[in-house]
Amino acid sequence: MSDKKLWSGRFNEPTDAFVEAFTASVDFDRRMYRQDIAGSIAHATMLARQAILDEDERDAIIDGLQQIRDDIEQDRFEWSVELEDVHMNIEAALTQRIGDAGKKLHTGRSRNDQVATDIRLYLRDALQEILDELRRLQYALLDLAEAEAETILPGFTHLQTAQPITFGHHLMAWFEMLDRDAERLSDCRSRMNRMPLGAAALAGTTFPIDREYTAELLGFDAPCANSLDAVSDRDFAIEFSSAAALLMMHLSRFSEEIVVWSSAQFGFITLSDSFCTGSSIMPQKKNPDVPELIRGKTGRVYGHLFSLLTLMKAQPLAYNKDNQEDKEPLFDTIDNLKGSLKVFADMIPAITPQREAMRDAAMKGFATATDLADYLVRKGLPFRDAHEVVGKAVALGVEQKRDLSEMSLDELRGFSPLIGADVFDILTLEGSVAARDHIGGTAPHQVRLAIGRARQRLP
Ligand code: ARG
């Protein structure tokens, strides 16, 4: 391949070798080859329809581009750093293959609108894959929540036992968070799905192009309304990255729970061996590496969001070479988010809940103390007084290492004569969770209703 630059007309001296490597992006932007070729095919199709190219030229271009795509996919394509980026590599290969018609492809466009289009197309495809994995994870959660609708474990605030809850209800909390993440990603797609092509370098083009037609060919909702905006802003990438950061934050918190639950001290779940690794020195170890790694990856996704925000903050209109730096953070975010979702969706069915251990833990820590206070309120005691009475009963339980449900009726009546034999209905774990029977509550009945509603609204 000739090493003559496609833009070398006005240059007298060759590019410094290090500058050439320093400014090149082909090593990372070549992953957009499919989108670049799809964009070029749509552009050539439009140019021919507008009689800017003739039909033979169009056909030669499309045919050549398809062959190049095959070559890339068969690993027969030679990428060249001298040709700087994915766009010029493909264009140069096209001209080498089909001759002069190849040189006409760039009529009425620039790499500035070309790259802005390619990234949107790439992100649009990636978003779909991410949403598919996210939905798979949500379905896995629904299945586990359904199986554990009646399983009781302690609910925590401040990581101290608060009130008994059902495991199904706890899992559905994660489902809801992930559902909002899916909503944010879909929302981001709708703002992103506008087509930059036709903006050319920044001001538009003198050729009689039909942008609506090209947009339709590429599945965009519409052309971008302003040419300067079209080539310069990367807000869609930032919006995606911020939705990705939130989603990773959720996965990280969930991972933390899985790590804690699977510890010997909690023992609420076991995680199948295929999601854990051992230690090279401590033979007894089975480490929850997968959730730990997801927790760790959250940091780099946050970092990429800040890279992109900072990349844009001081750029004047319109395109600047700074924008080439949008790709690596974006690609790394996509890869790690997709990978984390995939492994998470596979990991959920690999969780075995340890119902006994959860129940034993719920029996400790006076999880039904609030139920006793509510009981006294129903018998006519003001809540603050009820709180005080139960506090005294708990103090005795702490001293004697006994749960409230393990005290006799007489002992309990010693704290308040309002207490009757029916108190044991509410001091049990089952009674406690069943009583929270309203939308959003932890009662098994409500958990099943919530799962049913969730199944209905999932695509
Ligand atoms: N590789 C460049 C990028 O990623 C393509 C656009 C370059 N345009 C230019 N006028 N230098 O942004």
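Residues numbered from 1 in each chain as written. Predicted model: local features only at pLDDT ≥ 70, side-chain atom pairs only at ≥ 80, totals over all residues. Heavy atoms only, no water.

Draft legend 1. Main features of the overall build of the protein chain. When its secondary structure is counted, the protein chain shows 20 helices and six strands. In terms of overall size, the protein chain is more extended than a compact globule, its C-alpha atoms giving a radius of gyration of 31 Å where 459 residues would be expected to give roughly 23 Å. Seen through its C-alpha atoms, the protein chain measures out along the principal axes to roughly 100 × 50 × 40 Å. When the accessible surface of the protein chain is summed, it comes to about 22100 Å², and 51% of that surface belongs to carbon and sulfur atoms. The positive charge centre, built from 52 side chains, and the negative charge centre, built from 73, are 3 Å apart in the protein chain. (Helix = DSSP H or I, 4+ residues; strand = E, 2+ residues; numbered from the N terminus. Rg over C-alpha atoms; globule rule 2.2 N^0.38 Å. Areas by Shrake-Rupley, 256 points an atom, 1.4 Å probe, with all protein chains shown as cover. Lys, Arg positive; Asp, Glu negative; His and termini not counted. Charge placed at Lys NZ, Arg CZ, Asp CG, Glu CD.)

Draft legend 2. Inspection of the packing of aromatic side chains at higher detail. As enumerated under the stated definition, the model contains nine aromatic pairs in all. For the pair F254 and F344, a centre-to-centre distance of 5.1 Å together with 40° between the ring planes defines the contact as tilted. On the criterion of sequence distance, the pair formed by F254 in helix α11 (residues 235-261) and F344 in helix α13 (residues 327-347) is long-range, its members being 90 residues apart. For the pair formed by F254 and F344, the shared burial category is buried. Among the aromatic residues, those joined into a cluster by ring pairs are F156, F266 and F268. Taking NZ or CZ as reference, R49 lies 3.8 Å from the ring centre of Y213, over its face. Above the plane of the ring of F220 lies R124, whose end atom (NZ or CZ) is 5.2 Å from the centre. (Phe/Tyr/Trp six-rings, centres within 6.5 Å; stacked < 30°, edge-to-face > 60°. Buried < 20%, exposed > 50% of the residue type's maximum accessible area, 1.4 Å probe, protein only. Lys NZ or Arg CZ within 6 Å of the ring centre and 35° of its normal.)

Draft legend 3. Region of interest: empty space enclosed by the protein. Scanning all chains against the criterion turns up one cavity of 30 Å³ or more. For the largest cavity, the calculated volume is near 40 Å³. Lining the largest cavity are H43, M46, G108, R109, M195, L197, G198, I209, R211 and T214. Counting only elements with at least two residues in the lining of the largest cavity, the list comes to α3 (33-49) and α9 (211-217). Residue classes in the lining of the largest cavity are distributed as four nonpolar, four polar and two charged. (1 Å grid on protein atoms, 1.4 Å probe; cavity = no way out; pocket = protein on both sides within 12 Å on 5 of 7 lines; lining within 4 Å. Points joined across faces, edges and corners; volume = space filled by probe spheres on them. Nonpolar A, V, L, I, M, F, W, Y, C, P; charged D, E, K, R; others polar.)

Draft legend 4. The site of the ligand, seen in detail. Near the ligand, the surroundings consist of S25, D29, D85, H87, R111, N112, V115, Y319, Q324 and K327. In the model, a nitrogen atom of the ligand is placed 3.2 Å from a nitrogen or oxygen of the S25 side chain. One nitrogen or oxygen atom from the side chain of Q324 is found 2.8 Å from a nitrogen atom belonging to the ligand. About the coverage of the ligand: the protein hides 86% of its 340 Å² of free accessible area. Broken down by element, the shell around the ligand gets its largest block of residues, three residues, from helix α7 (residues 111-147). Taken together, the residues that form the shell around the ligand break down as two nonpolar, four polar and four charged. (Near = heavy atom within 4 Å. Polar contact = N/O pair within 3.5 Å; in protein donor to acceptor, adjacent residues only side chain to side chain.)

Draft legend 5. Layout of unusual backbone geometry. With an omega of 5°, the peptide bond between L317 and A318 qualifies as cis. By secondary structure assignment, the location of A318 is in the loop between α12 (289-312) and α13. The phi dihedral of L159 is positive, around 55°, even though this residue is not glycine. For L159, the position within the fold is in the loop between β1 (152-157) and β2 (160-166). Of note, the phi angle at K401 is positive, near 55°, even though the residue is not glycine. Counting through the fold element by element, K401 comes out in the loop between α16 (383-400) and α17 (409-413). On the accessibility criterion, K401 (75% relative accessible area) is exposed.

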